[in-house]
Amino acid sequence: MMVSSNSELLRAGYDAWNRDDLEGWVELLHPEVRIETSGLFPDLASEYRGHERARKFWRQMHEPWATFHIDVEHVEDEGDCALASIRFGGRGADSGIDVDMRFGMLMRVRDGLAVELVNRRTFDEARTALRSAPTSRPAPSSRAP
């Protein structure tokens, strides 16, 4: 899928989540993708690297929800990144409880694909992560987990 801006790539990624299209989402990710979670969902690891771990993140995010939807409320392009304010809504699979939460998200792009996804509790925290992060991260190590 060709996109013309980082914000368009970010929106395409959330569109794949909302369509429940795992492989469509993975196609938007760089092979060396790094996903950093916000810490608000206790069953998630703090970090996932590469396509297979991205698929694990997807499954773990979907598992506790009967339904969920992610809306991009605001997005900005900044250099090789897009920053977004997102709204997560869902219904717990076991509890039936409705959840409505807002998050901040930073996506860094390399070669037209998302190489880094940093989730934060707020948009301002995502912006701070952008300013404090180096413009390029070292490649993941090849050692076993």
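Residues numbered from 1 in each chain as written. Predicted model: local features only at pLDDT ≥ 70, side-chain atom pairs only at ≥ 80, totals over all residues. Heavy atoms only, no water.

A.B. asks: Mind showing me how you'd approach the pairing of strand β3 (residues 65–78) here?
C.D. replies: Residues in a regular strand point their side chains to alternate faces of the sheet. Here 12 bridges tie β3 to strand β4 (residues 81–92), and the two strands are oriented antiparallel to one another. Directly across from D77, in β4, lies its bridge partner A82. Counting the residues that bridge the hairpin from β3 to β4 gives 2 residues, and of these G79 lies at a positive phi of roughly 60°. (Pairing = 2+ DSSP bridges. Helix = DSSP H or I, 4+ residues; strand = E, 2+ residues; numbered from the N terminus.)

A.B. asks: In this structure, what is going on with the side chain of N119? I would like to understand it.
C.D. replies: As for its position among the elements, N119 is in strand β6 (residues 113–120). Of the residues examined, N119 reaches a relative accessible area of 13% and is grouped as buried. Among all residues touching N119, those that are not within four sequence positions of it are Y14, I35, E36, T37, S38, G104 and M105. (Buried < 20%, exposed > 50% of the residue type's maximum accessible area, 1.4 Å probe, protein only. Contact = heavy atoms within 4.5 Å.)

A.B. asks: I tried to follow empty space enclosed by the protein on my own but got confused; where do I start?
C.D. replies: The rolling of a water-molecule-sized probe over the atoms marks out the regions of remaining empty space. Going through the model one piece at a time under the given rule, you end up with 1 cavity of 30 Å³ or more. Here the largest cavity is characterised by a volume of approximately 350 Å³. Lining of the largest cavity is provided by 23 residues; of these, Y14, W17, F57, M105 and N119 occupy positions nearest its centre. Where the lining of the largest cavity is concerned, the elements lending two or more residues are α1 (6–18), α3 (50–62), β4, β5 (98–110) and β6. The element contributing the most residues to the lining of the largest cavity is α1, with 5 residues. Looking at the lining of the largest cavity, its residues break down into 19 nonpolar, 4 polar and no charged. (1 Å grid on protein atoms, 1.4 Å probe; cavity = no way out; pocket = protein on both sides within 12 Å on 5 of 7 lines; lining within 4 Å. Points joined across faces, edges and corners; volume = space filled by probe spheres on them. Nonpolar A, V, L, I, M, F, W, Y, C, P; charged D, E, K, R; others polar.)

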